[in-house]
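Okay, here's what each chain looks like letter by letter:
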Amino acid sequence: MKRITIISGHYGSGKSEISVNLAIQKKIDYLVDLDIINPYFRSRSLDTLLEKNNIHLVESTIKGMLGSDLPYVSGEGVVPFVNPSITAIYDLGGTENGARVLIQFLDRVKDINEIDFLCTVNIFRPETSDATKILQTISMYEAETQLKVTGLINNTNLMNETTEEDMINGEKILIEVSKKLNIPIKYTIIEENNKDYEYDFLGERLVLTRYIAKRWL
Amino acid sequence: MSKVLMKGNEAMALAAIKADCDAFYGYPITPQNELPEYLSKHMSLHGKVFVQAESEVAAINMVYGAAGAGARVLTSSSSPGIALKQEGLSYMAGSELPAVIINVMRGGPGLGGIQPSQADYKQITRGGGNGDYYLYALAPETLQEAVDLIKEAFDIADYFRNPVMIAVDGLIGQMMEPVDLDIETPKWDLEPKTWAADGNLINRKKNIINSLYLDPNDLEKHSFKLKEKYDEMRKNHQRYELINMENAEIVIVAYGSTSRIARSAIEILSEKGIKCGILRPITLFPYPKKAFGELPLTVKNLLVVEMSTGQMLDDVIISNECRLPISFYGRAGGIVPEAEEIVNKVLEIVGGEKHE
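Residues numbered from 1 in each chain as written. Chains lettered and ligands numbered in written order. Predicted model: local features only at pLDDT ≥ 70, side-chain atom pairs only at ≥ 80, totals over all residues. Heavy atoms only, no water.

Before going further, it helps to examine the interface of chain B and chain A. On the chain A side, the residues contacting the 27 residues of chain B number 22 residues. Overall, the association of chain B and chain A removes approximately 2200 Å² of surface from exposure, summing both partners, and the carbon and sulfur fraction of that is 59%. Put simply, chain B and chain A have three salt bridges between them. Across the salt bridge formed by E127(A) and K41(B), the nearest N and O atoms sit 3.4 Å from each other. Here chain B is connected to chain A by seven residue pairs in polar contact (both at pLDDT 80 or more). Ranked by residues supplied to the side of chain B that touches chain A, first place goes to helix 2 (residues 34-45) of chain B with five residues. Classifying every residue of the side of chain B that touches chain A gives 13 nonpolar, five polar and nine charged. (Contact = heavy atoms within 4.5 Å. Buried area = accessible area lost by both parts, 1.4 Å probe. Salt bridge = Lys/Arg side-chain N within 4 Å of Asp/Glu carboxyl O. Polar contact = N/O pair within 3.5 Å; in protein donor to acceptor, adjacent residues only side chain to side chain. Helix = DSSP H or I, 4+ residues; strand = E, 2+ residues; numbered from the N terminus. Nonpolar A, V, L, I, M, F, W, Y, C, P; charged D, E, K, R; others polar.)

Okay, structure coming up:
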């Protein structure tokens, strides 16, 4: 795993849950929540859990004003880019506006090879349901951030209704994308309930605990 | 079409397109912004109209105009924005104009906050604007139900020639769930809109869209004509769901997101051997009074749970007709009750050890 992982993807593709899970499982130092798009279901709502796991949370809400609804981003987000001893995960917001937030930090990048810029895809999201649409989404993210997407995350799911076959179908579509762009599928996300799936999915298998959604319902 | 994973606001927007909605007029406000955002892109792809108005007041008056011309119209907003639309809604009810209004509720009063709430209940069910009128109000608890009810809501609005409100809280707007957009929903028997001010191409008697009656006799007649519609809604169009009623000793009354949480609570309670049912209103107006008459005799207590300090509580008191003792548990300001809190409230009422 590279020192810095940036998680992008269409909104509702699962970025925040994946960011939190990766940060906890990989014992990452910083989780930078750059989501200025969503008003709810953001990784910052898990501040206590992250603190317990010794993960430093950088968020875009003014302290004590979780509901301020302001598109504010903490300058602390730059720290992992300038301090080479810190590992970090960046959780971007969905849409082009969410991606644009990252740009302000990128002129501080010293070594681009230290960064993985991943795109999370769920083929059950109508905006990323086939290879053409996924390629469009990726080129949008690349255009907005001026960063090349370096890998894919297969997060094919219909929440509790996901089947192993769905995930295999998702992988097939992602393989098309992967071949076109010559980038790997870095992770396949498997929910805790489905962890007995035997299929040998591409990339590292990341077993996902739903922390954010669970807090609400 | 098979199932897709959608965010509530997007799914509700797409449902409106599926219902042949001709036009959307709105103004942004959290937590419903994805709804107009989705429509801003997709209405034009379907050859339909999308306008971001200069304010909520402008938007609702555009809705009035388009509905008066016979179009199927949608607007959406969240609590403070819906408050701003009340004048227009009263005029629409007075002028007998159909439209669908989606209210993705957030905390109040005033600007309140952006987190989920059910504190607009009285605004929704007691008219909201001036005059003797009501909105037909539907409160779905899942995204699938929201989609299905929105598709039907346009028919209901046209049928009654009255605005229909879809009342959800911010959670339903923001959460994600699998939905099937193409499930058949009931089609209402609709008359052609011969009343519409649509250009009079056939040289008929002119149609006037109006809520002003200077002769009090005419206005009284008009008011009672409107009342007939509301009485018809009350008599034949109450909707509700009774859940887990067999031998229930206590019944939770809750709608929308709160009833979802109540569903988790009754599972925990059943493990403790406590039979708890749920009475889930689907229409907030007309209030499903009938459901209270269908409760089994085993029920000894009612517990109303709301994300407010107690608004639907009044309707439960009215519908209960002094039969059962009523307790209340509410969270406000954007705080969502946890299943465990509801469990502990039930245990407090029926007696039992506190749930950790």
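Residues and elements named next belong to chain B. Of the two faces of strand 2 (residues 23-26), both are covered, the one formed by A23 and Y25 as well as the one formed by F24 and G26. Of the strand pairs in this sheet, strand 2 and strand 3 (residues 49-52) are connected by four bridges, and their pairing is parallel. Opposite G26, over in strand 3, you have Q52 as the bridge partner. Note that the unit made of strand 2, helix 2 and strand 3 has a crossover that is right-handed. (Buried < 20%, exposed > 50% of the residue type's maximum accessible area, 1.4 Å probe, protein only. Pairing = 2+ DSSP bridges. Right-handed = clockwise from strand over helix to strand, strands pointing away.)

A few words now on helix 2 of chain B. All names here are of chain B. Taking 1.5 Å of rise per residue, the 12 residues of helix 2 would be expected to cover 16 Å, and the 17 Å separating its terminal C-alpha atoms lies within 8% of that figure. Within the span of helix 2, buried status applies to E34, L35, P36, Y38, L39, H42 and M43. Remark: G47 follows helix 2 within two positions and exhibits a positive phi of approximately 70 degrees. (Expected span 1.5 Å × (residues − 1).)

Right, let's talk about the nonpolar core for a bit. Core analysis: the biggest nonpolar cluster contains 139 residues, and L74(B) and I252(B) have the highest contact counts within it. Among the elements that take part in this core, helix 7 (residues 143-160) of chain B stands out by supplying 10 residues, more than any other. Not counting residues up to four positions away in its chain, the partners in contact with I252(B) are A262(B), I266(B), C276(B), G277(B), I278(B), L279(B), L303(B), V305(B), I342(B) and V346(B). Within the second largest apolar cluster, 40 residues are counted, among which are A99(A), V121(A), I134(A) and I138(A). (Core = buried A, V, L, I, M, F, W, Y, C linked by side-chain atoms within 4.5 Å.)

So, on to the sheet that holds strand 13 (residues 301-306) of chain B. Residue and element names in this part refer to chain B. Pairing is mixed across the open sheet formed by five strands, whose spatial order is 9-11-10-13-14. Each edge of the open sheet carries a strand with a single partner, namely strand 9 (240-243) and strand 14 (326-330). Here the strands of the sheet are splayed against their neighbours by 20 degrees on average, with no regard to which way each runs. Of the pairings in the sheet, the one linking strand 13 to strand 14 comprises five bridges and is parallel in character. The residue bridging E306 from the neighbouring strand is G330, located in strand 14. Along the sheet face, helix 10 (residues 257-271) touches strand 9, strand 10 (250-253), strand 11 (276-281) and strand 13 and points at about 170 degrees away from the line of strand 11. (Axes fitted to C-alpha atoms, helices over the stretch in contact; angles between N-to-C directions.)

On to the packing of aromatic side chains, then. Applying the stated criterion across every chain, the model contains 14 aromatic pairs over all chains. An angle of 55 degrees between the planes, with centres 6.4 Å apart, marks the rings of Y40(A) and F41(A) as tilted. F41(A) gets classed as buried once you look at its relative accessible area, which sits at 17%. Between F160(B) and W188(B), the ring centres sit 5.9 Å apart and the planes meet at 65 degrees, which makes this aromatic pair edge-to-face. With F160(B) in helix 7 and W188(B) in the loop between strand 8 (176-179) and helix 9 (216-236), this residue pair connects regions lying 28 residues apart in the sequence. (Phe/Tyr/Trp six-rings, centres within 6.5 Å; stacked < 30°, edge-to-face > 60°.)

Turning next to the pattern of salt bridges. Residue and element names in this part refer to chain B. In total, this model carries 32 salt bridges over all chains according to the counting rule given. With a shortest N-O distance of 2.4 Å, D155 and R72 are connected by a salt bridge. You can see D155 sitting in helix 7 and its partner R72 sitting in the loop between helix 3 (56-68) and strand 4 (73-77), a full 83 residues away along the chain. Note that K229 is salt-bridged to E96, the shortest N-O span being 3.0 Å. Of this pair, K229 sits in helix 9 while E96 is found in the loop between helix 5 (86-94) and strand 5 (99-105), placing the two residues 133 residues apart along the sequence. Accessibility expressed as a relative area gives 11% for K229, which makes it buried. Owing to a relative accessible area of 9%, E96 belongs among the buried residues under this scheme. Through salt bridges with shared partners, a single ionic network connects E141, E145, E241, R263 and R280.

Our next topic: the confidence of the model for chain A. In low-pLDDT regions, the fine details of the predicted coordinates are not to be read closely. Mean pLDDT for chain A: 91, with 96% of residues reaching 70 or above. Within chain A, helix 8 (residues 212-216) of chain A has the poorest average pLDDT of any element, 68, and strand 6 (residues 151-154) of chain A the best, 98. (pLDDT = per-residue confidence, 0-100.)

Turning our eyes to something else, we now look at the domain arrangement of chain B. Residues and elements named next belong to chain B. Domains assigned within chain B are domain 1 (4-236) and domain 2 (240-350). Placing the centre of domain 1 and that of domain 2 at their C-alpha centroids yields a distance of 28 Å. On the side of domain 2, 27 residues touch domain 1, which itself brings 33 residues to the contact. A combined buried area of about 2500 Å² lies between domain 1 and domain 2, and 52% of that area is made up of carbon and sulfur atoms. Taken as a group, Q118, Y121 and E141 account for 33% of the area that domain 1 buries against domain 2, more than any other trio of residues on that side. Our count for the contact surface shared by domain 1 and domain 2 stands at six salt bridges. Residue D315 is joined to R126 by a salt bridge in which the shortest nitrogen-to-oxygen separation is 2.9 Å. Across the contact surface, domain 1 and domain 2 share 20 residue pairs in polar contact (both at pLDDT 80 or more). Of all elements in the fold, only helix 6 (121-125), strand 6 (136-138), helix 7, strand 7 (163-169), helix 8 (170-174) and helix 9 reach the threshold of two or more residues within the side of domain 1 that touches domain 2. The element contributing the most residues to the side of domain 1 that touches domain 2 is helix 9, with five residues. Looking at the side of domain 1 that touches domain 2 residue by residue, the class counts come to 18 nonpolar, six polar and nine charged. (Domains from an automatic or database assignment.)

Looking now at unusual backbone geometry. That bond from T30(B) to P31(B) is cis: its omega, 5 degrees, falls within 30 degrees of zero. Structurally, P31(B) can be placed in the loop between strand 2 and helix 2. In this structure, the amide linkage connecting G108(B) to the following residue, P109(B), adopts the cis form with an omega of 0 degrees. Looking at the element boundaries, P109(B) is found in the loop between strand 5 and helix 6. You will see that F41(A), though not glycine, has its phi angle at about 55 degrees, which is positive. One can find F41(A) in the loop between strand 2 (30-34) and helix 2 (47-52). Of note, N247(B) is a non-glycine position whose phi angle comes to about 55 degrees, a positive value. Tracing the sequence through the fold places N247(B) in the loop between strand 9 and strand 10.

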